[in-house]
Amino acid sequence: MTTIDQLNEYFVKNRDTHLNQMKEFLSIPSISALSEHKADMQKAAEWLSGSFKEAGLENISIEPTAGHPVVYADWLHAEGQPTILIYGHYDVQPVDPLHLWESAPFEPEIRDEKMYARGSTDDKGQVFMHVKAVEALMQLEGKLPINVKFIIEGEEEVGSPNLVPFIKEHKEKLAADTIVISDTALHAPGQPAICYALRGLSGVQIDVFGAKSDLHSGVYGGGIQNPIHAVAEILASFHDKEGTIAVDGFYENVRDLNEEERQAYKDLNFDEDALKQEIGASGLFGEPGYSFLERTSARPTLEVNGVFGGFSGEGIKTVLPAEAGAKITCRLVPDQDPAEIVEKLKAHVEKHKPEGVKVTVTPFDQGRPFITPFDHPALTAASRSYEKVYNVPTVYTRGGGSIPIVADFDEILGLPVVLMGFGLETENLHGPNEHLTLENFDKGLRVLGDYYQELSALSKDELKK
């Protein structure tokens, strides 16, 4: 069994080589949302394929989909040992506004022991870490302690539209005992965290229509319903004055936090006053009876993301608009169903719409919530590996955001999902100057190398719990 010291010696010796290789990967502008980068997407898939081969993986293939390809690889010679499926993505977000970048987004640069480039933390850098952890064990032992399969997609940043069909079509090929994903963050610098739950998502657009065209407010104002007033009335009906969601049945299937989970939140000693100062807010607000962390990760929400209608240019235009609208997203928790929430929102809007307007509710962006018991053996094994390297206890957290494909993996393959990330929330993922802190890159390589060995001590029956 390879020790932490042996892993450390290997990664110190090869650090410059690994950083240069990561720069190569990050220099490919694999932006899935922009059609002009289709060739770059293929180039990134091919680069990853070559990296798999160099690491000693086998059965490497670039699998076509209706969009960008999926890259697959495996190593399956650990007879009787568990099999892990490692998921990640090689596509990245667009880079605008470009003028806010201090260095070119696809010309990776190390400053203050941080790797600056688009995709460095989300998610190319973290995918690369898994590849190099496998390579290290292959170089040190000539084999892996467990069986490994990789599935790295190129469409996560555009909602993974072709991954679910791919998983269903290749269900047998992707069979495993657990899924490991590194696309999340540490709780704080030096504080490893395992994310055991993610919120789901339901989004709708509300459109309100009045007269057939904009009208002069001096001639018609006060005589017909104003669509902006109607939108404001509907939006105001979604919450009570304390912040509780007022949609009938919204909380119906919510799985509440147990005492152990609530204590875990308290043990984090989160400083709400420091948060207010950091974000420039005069106060915090939300559902009574829950802390800020609980509200933002373990409780469902309904937020207005945008309101539109009428004239908003410079000066004033005395217009009574013909239409107005709003965009709404709900973050959902186990055991809420996104489709059911949409129907509840439609019923609420129908109940609360004022007279004199026509209202439509159009669904978009849906994803189911996900949760794995935080005492699952695959998670506690990850915790042990974190603690060997970071020398502090691992915390267990719920993620406030949504990664819909995680719930799809859970449903289609029926496997526990381990979310063990090495990024930080402050690393500007999706924004200018995205970066990866190299301290976590270095430590993460050692954590992963050890984790594969920790999993080898577990039986398949233990992982099925």
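These numbers were taken from a predicted model, which means no experiment stands behind them.

A. How the structure looks around the side chain of glutamate 287. Assignment of secondary structure puts glutamate 287 in the loop between helix H9 (272-279) and helix H10 (292-297). Residue classification places glutamate 287 among the buried positions, given a relative accessible area of 11%. Within the structure, glutamate 287 has its side chain in polar contact with the side chain of arginine 299 (distance 2.7 Å). Aside from chain neighbours lying at most four places away, what touches glutamate 287 is Glu242, Gly243, Thr244, Tyr251, Arg295 and Arg299.

B. How the structure looks around the side chain of serine 49. Within the secondary structure, serine 49 is located in helix H3 (residues 38-55). Apart from residues lying up to four places away in sequence, serine 49 is in contact with Ile60, Ile62 and Val71.

C. Fine view of the pattern of salt bridges. Under the criterion given, the structure shown has 23 salt bridges. Arginine 15 is the partner of glutamate 113 in a salt bridge, and the nearest nitrogen-oxygen pair spans 2.9 Å. Remark: arginine 15 occurs in helix H2 (residues 15-26) and glutamate 113 occurs in the loop between strand S4 (109-111) and strand S5 (114-116); sequence separation between them is 98 residues. In this structure, lysine 276 engages aspartate 273 in a salt bridge whose closest nitrogen and oxygen atoms are separated by 3.3 Å. With lysine 276 and aspartate 273 both in helix H9 and 3 residues apart, this pair spans about one turn of that helix. Residues joined by salt bridges that share partners form a network here, namely Arg384, Lys388, Asp450 and Glu454.

D. A look at the packing of aromatic side chains. For the structure shown, the criterion picks out 12 aromatic pairs. Summarising the aromatic geometry, the rings of phenylalanine 25 and tryptophan 47 are spaced 4.6 Å apart at their centres and angled 5° between planes, so their arrangement reads as stacked. Of the two residues, phenylalanine 25 is situated in helix H2 and tryptophan 47 in helix H3; the sequence distance between them amounts to 22 residues. For the pair shown, phenylalanine 25 and tryptophan 47 are each scored as buried.

E. Expanded view of the packing of H2 against H3. Put simply, H2 and H3 touch, their axes get as near as 10 Å, and they point 155° apart. Between H2 and H3, the angle falls in the class roughly antiparallel. Residues Gln21, Glu24 and Phe25 of H2 lie in contact with H3, whose contacting residues are Ala44, Trp47, Leu48 and Glu54. Considered class by class, the residues forming the contact of H2 with H3 number 4 nonpolar, 1 polar and 2 charged.

F. View of the environment of leucine 186. Here leucine 186 lies in the loop between strand S7 (178-181) and strand S8 (193-198). Its relative accessible area of 2% is what places leucine 186 among the buried residues. Each C-alpha atom, one on leucine 186 and one on serine 35, is 33 Å from the other, the two residues being 151 residues apart in sequence. Discounting chain neighbours no more than four positions away, the residues touching leucine 186 are Gln191, Pro192, Ala193, Tyr386, Tyr390, Gly421, Phe422, Gly423, Leu424 and Asn440.

G. Geometry of the environment of valine 231. When you line up the elements, valine 231 lands in helix H7 (residues 227-236). Here valine 231 falls in the buried class, since its relative accessible area comes to 4%. Residues valine 231 and leucine 379, spaced 148 residues apart in sequence, show a C-alpha to C-alpha distance of 45 Å. Setting aside anything within four residues of it in sequence, one finds valine 231 in contact with Val208, Val307, Ala324, Gly325 and Ala326.

Procedures and definitions
- Residues numbered from 1 in each chain as written.
- Predicted model: local features only at pLDDT ≥ 70, side-chain atom pairs only at ≥ 80, totals over all residues.
- Heavy atoms only, no water.
- Helix = DSSP H or I, 4+ residues; strand = E, 2+ residues; numbered from the N terminus.
- Buried < 20%, exposed > 50% of the residue type's maximum accessible area, 1.4 Å probe, protein only.
- Polar contact = N/O pair within 3.5 Å; in protein donor to acceptor, adjacent residues only side chain to side chain.
- Contact = heavy atoms within 4.5 Å.
- Salt bridge = Lys/Arg side-chain N within 4 Å of Asp/Glu carboxyl O.
- Phe/Tyr/Trp six-rings, centres within 6.5 Å; stacked < 30°, edge-to-face > 60°.
- Axes fitted to C-alpha atoms, helices over the stretch in contact; angles between N-to-C directions.
- Parallel < 35°, antiparallel > 145°, perpendicular 65-115°, else oblique.
- Nonpolar A, V, L, I, M, F, W, Y, C, P; charged D, E, K, R; others polar.

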